[in-house]
Amino acid sequence: MTMLRISARLLRRGLGGTLMLLLGITLFELINPVIGTSIGGSDAVQGLFDQLPPGMRAITQVQPDFFIQSGFAGFVALGYTHPVYFVLVSSAVVGFGSRTLAGEVESGILALTLSRPVSRRAIYLARVLDLGLLALALAAAGALGTWVGILIADAPSDLSARAYIMLIGASWLLAWSIGGLVLGASAAASTTGRVVGWATGVLVILYFIDYFAELWSPLEPFGPLSIFRYFDPVAALVDNRIPLVNLIVLAGVGIVGVVAGLLVFERRDLAI
Amino acid sequence: MLGFDDEEVCARVSRDPDPSTPSIAASPDHHHEPALEFRNVFKTYGSIAALNDLSLNVERGTIHGFLGPNGAGKTTAIRILMGFLKASNGTTRLLGLDAWRDGVAARSNVGYLVTADALYPDMSGNDQLAFAADISGRESVLRKRALDALELGPDALGRRLGTYSKGMRQKLAITAALQHDPELLVLDEPSDGLDPLVQQHLEELLRERQQAGRTVFMSSHDLAEVERTCQQVAVIRNGGLVASGTTKELSRQYQRTAIIRFRDSIPDGIDQLGTVVSVDRERKVIEVRIGDDVNPLIRQIAKEDIASLAIREPQLQDVFFSYYGEADNASRPETSPPGADSK
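Residue numbers here run from 1 along each chain, matching the order of that chain's written sequence. For naming, the first written chain is A and the first written ligand is 1, with later ones following in the order written. Side-chain atom pairs in this predicted model are given and counted only at pLDDT of 80 or more, local residue features only at pLDDT of at least 70, and totals for whole chains, interfaces and linings cover all residues. As a rule here, side-chain values cover all heavy atoms of the structure and leave hydrogens and water aside.

Residue and element names in this part refer to chain B. Taken in spatial order, the four strands of this open sheet run β2-β1-β4-β5, and their pairing is antiparallel. Lying at the two open borders of the sheet, with one neighbouring strand each, are β2 (48–58) and β5 (97–98). Pairing geometry for strand β1 (residues 36–45) and strand β4 (residues 89–94), over five bridges, is antiparallel. Counted as the bridge partner of E37 is R93 from β4. DSSP bridges decide pairing: two strands pair if at least two such bridges lie between them. Comment: elements are numbered from the N terminus, with helices defined as DSSP H or I runs of at least four residues and strands as E runs of at least two.

Written out as structure tokens, the structure reads:
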């Protein structure tokens, strides 16, 4: 019960900023199907895509005939591999992860709970619970935007309930894996700035490894090291599945980050 | 100021806790143990020793002052006590339980004063107190009494903490620390930011808790406050205990000071009266440490033309400054440790 009280208190902190990011994700994913429909659906998009110079097509990393084969769902899925989506999700998760633990050590607020009969483990697990809920909210916000966008645009094809569930699952796994790493860093740090700097640097590196591994052969062997490699909204929306390897890697990265953070947090000195 | 006789009354009362107050000891098995105990505690950061073989016992039912200059190790000791830091070596016990290993159980009977900045700025005062009570798992039996004493009214409690002054936040933090009537109160600079009247009310509140059998362990830089409030005092320096005892015992280490102002000039041979603390020939004033018997002094100076004579009783600050001195010579007063000759 104490853990739930702490969890609720944490979620209320920074709620305004989190809600704005959720709204941003919803709007971004809402616009995507509206644009696709206004252009004329997946066939028209494929036509536009084919007119791009080969170099530009390579940069988009979209396979030839992608829109013909994946249909409207494939176009919608591109809204989830867009850098704007990654930035919005990462901002929410890094913001939460740095604000909690490291931010609370920095401000001294952690002393308020830690001076009570509350274990460090309970304090930490309350943050893990909140991370899980935040990741769920981020995933649901995107799916909600897509659903509303398809309704508004009167899109040529709808997505099945299973597709939405898979989309939410894949998005949750991405946010969870990022969050696990950030929470682990936050458990070891004593300032918000250090966590933000570390997390931003690592995420940018991982993103570019994934992106350029497709374009530049020397980087190709490093592609599997990026968590973004295992986020596949096309599989979720088009094939209505989450590949097992993606599930294992993303869930595993999050769990490793969270467990490492717990081990550190239970043992470290807290200058509060 | 609380006199020595009053302290003895407090000490007697402390051994007879308020029977109407329920027993809230961490565990009956540990009730006979000191409220807190540091035993050969070390804390090092690389080559820096923040605590260096600190040993200290705080008996239950007392108000215990914890003094020391900045950087002496007070905050480190309190953080170890609260389980925020792990000692490099040694044992720290809180209400009979290991402060690190059994900290959760021990802290169920502890009220800790967080710094005024360590409160949720987005919460109202009422919500802050409710949250603190929730996670303490205990009823806030003393909330109203504390709020009344500290003069924190309903209007202020309904506002967000972001609108509070430092003093108001301090009042709220004190209330959060003691609202659940803990067995042990750990207060780091409790009067920081409080006006003198509220400070006086706080001291009364602490004495009231002590008379109900509770223990208060407080650090302060306000020596007058410590002297008024505490029966026991520990002085820490360079991470180790340098003095400990009742305020009376510590003050007795020092002799009284006679401050004599002559009308004409300071006569020769006056330094035979005792240890001369200072001589100001321009103002014709001399300060001399004297023993318990004032008569030799009176007899010696009776033949002189005296403008004024004052006898100053030894004070806690004399003790404190004697240990403070080497850490901060600039702030050292014209007093010396026992046995020192300042001629």
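Picking up after the structure, the text goes on.
The next subject is the interface of chain B and chain A. Between two residues, a contact is recorded if the distance between any of their heavy atoms is within 4.5 Å. Counting residues at the interface gives 32 residues for chain B, matched by 27 residues for chain A. Buried area adds together the accessible area that both of two parts lose upon being put together, with accessible area traced by a 1.4 Å probe. When chain B packs against chain A, close to 2,500 Å² is buried across both sides, 58% of that on carbon and sulfur atoms. When residues of chain B are sorted by the area they lose upon contact with chain A, F84, Y120 and I135 of chain B head the list and together hold 29% of the total. Salt bridge criterion: a side-chain nitrogen from Lys or Arg within 4 Å of a carboxyl oxygen from Asp or Glu. At the surface where chain B touches chain A, the tally comes to two salt bridges. K43 of chain B is the salt-bridge partner of D269 of chain A, the closest N and O atoms lying 2.5 Å from each other. In the analysis that follows, any N or O atom pair within 3.5 Å is treated as a polar contact, provided that within protein one partner can donate a hydrogen and the other can accept it, and provided that, for residues neighboring in sequence, both atoms belong to side chains. For the interface between chain B and chain A, the tally reads twelve residue pairs in polar contact (both at pLDDT 80 or more). Where the side of chain B that touches chain A is concerned, the elements lending two or more residues are β1, α3 (103–107), β6 (110–112), α4 (125–136) and α7 (166–178) of chain B. Counting residues per element, the side of chain B that touches chain A draws most heavily on α4 of chain B, which supplies seven residues.

Before going further, it helps to spend a moment on empty space enclosed by the protein. Residues and elements named next belong to chain A. A 1.4 Å probe that fits but cannot get out identifies a cavity on a 1 Å grid over protein atoms alone, an open set with protein on both sides within 12 Å along at least five of seven lines counts as a pocket, and a residue lines either if it has an atom within 4 Å of a point. Grid points are joined across faces, edges and corners, and a volume is the space filled by probe spheres set on the points. One pass over the full model with this rule turns up three cavities of 30 Å³ or more. Taken as a whole, the largest cavity holds about 40 Å³ of empty space. Lining the largest cavity are L10, R13, F96, R99, T100 and E104. Among the residues forming the lining of the largest cavity, the class breakdown is two nonpolar, one polar and three charged. When residues are grouped by polarity, Ala, Val, Leu, Ile, Met, Phe, Trp, Tyr, Cys and Pro land in nonpolar, Asp, Glu, Lys and Arg in charged, and all others, Gly among them, in polar.

Here N246 of chain A is to be found in helix α13 (residues 244–267). Among residues more than four places away in sequence, those in contact with N246 of chain A are Y230, D232 and A251 of chain A.

Let us look at the sheet that holds strand β12 (residues 275–280) of chain B. Residue and element names in this part refer to chain B. Spatially, β12-β13-β11-β14 is the arrangement adopted by the four strands of the open sheet, whose pairing is antiparallel. In the strand order of this sheet, the two ends are held by β12 and β14 (306–312), each with one partner. Between one strand and the next, the sheet's axes are offset by a mean angle of 15 degrees, whatever the strand orientation. Note: β12 against strand β13 (residues 285–290), five bridges, orientation antiparallel. What sits directly across from V279, in β13, is I286. Axis lines are fitted through C-alpha atoms, for helices just across the contact stretch, and the angle between N-to-C directions can take any value from 0 to 180 degrees.

A separate point is the packing of helix α3 (residues 41–50) of chain A against helix α5 (residues 66–78) of chain A. All names here are of chain A. As a packed pair, α3 and α5 sit with axes 8 Å apart at the nearest point and diverge in direction by 125 degrees. Here α3 lies oblique to α5, going by the angle between them. For α3 against α5, the interelement crossing comes out right-handed. Side by side, α3 and α5 meet where S42, D43, V45, Q46 and F49 of the first sit next to F66, F67, I68, G71, F72 and F75 of the second. Roughly parallel refers to an angle under 35 degrees, roughly antiparallel to one over 145, roughly perpendicular to one between 65 and 115, and oblique to any angle outside these ranges. Left-handed describes a crossing whose near helix is turned anticlockwise from the far helix by less than a right angle; the clockwise case is right-handed.

Once that is clear, we can look at unusual backbone geometry. Notably, N240 of chain A is not glycine yet its phi reads approximately 55 degrees, a positive angle. Looking at the element boundaries, N240 of chain A is found in the loop between α12 (233–238) and α13. In this structure, L95 of chain B takes a positive phi of about 50 degrees despite not being glycine. Mapped onto the elements, L95 of chain B comes out in the loop between β4 and β5.

Quick look at the pairing of strand β7 (residues 184–188) of chain B now. All names here are of chain B. Of all five residues making up β7, four are buried, and the element is well covered by its neighbours. Two elements, β6 and β7, share three bridges in a ladder whose sense is parallel. The residue bridging Y112 from the neighbouring strand is V186, located in β7. Across five bridges, the pairing between β7 and strand β8 (residues 215–219) is parallel. Paired with L184 across the bridge in β8 is T215. By convention, orient the strands away from the viewer: a clockwise path from the first strand over the helix to the second makes the crossover right-handed. The handedness of the β7 to β8 crossover, carried by helix α8 (residues 196–211), is right-handed. Each residue is placed in one exposure class: buried if its accessible area under a 1.4 Å probe, protein chains only, is under 20% of its type's maximum, exposed if it is over 50%, and partly exposed if it falls in between.

Residues and elements named next belong to chain B. pLDDT gives the predictor's per-residue confidence on a scale running from 0 to 100. Confidence in the prediction of chain B, expressed as mean pLDDT, is 82, and 85% of residues score 70 or more. When mean pLDDT is taken per element in chain B, β4 scores highest with 96 and helix α1 (residues 4–14) scores lowest with 35. Taken together, the stretch residues 1–26 has pLDDT below 50 and engages in 44 contacts with residues farther than four places along the chain or on a different chain. Across residues 326–343 the pLDDT falls below 50, and counting only partners more than four positions away or on other chains, this stretch makes 29 contacts in the model.

We now examine the layout of surface pockets. Residues and elements named next belong to chain B. Of the voids in this model, the second largest pocket is the one considered here, and its volume is about 310 Å³. L113, V114, T115, A116 and D188 are, among the 18 residues lining the second largest pocket, the residues nearest its centre. Broken down by secondary-structure element, the contributors of at least two residues to the lining of the second largest pocket are α2 (74–81) and α7. Taken together, the residues that form the lining of the second largest pocket break down as eight nonpolar, four polar and six charged.

Residue and element names in this part refer to chain B. Enumeration according to the criterion identifies 19 salt bridges over all chains in this entry. A salt bridge links D148 to K144, with the shortest nitrogen-to-oxygen separation between them at 2.9 Å. Linking D148 with K144, this pair stays in helix α5 (residues 143–150), spanning four residues, or about one helical turn. Among the charged side chains, a salt-bridge network with shared partners connects R145, D181, E208, R209 and R214.

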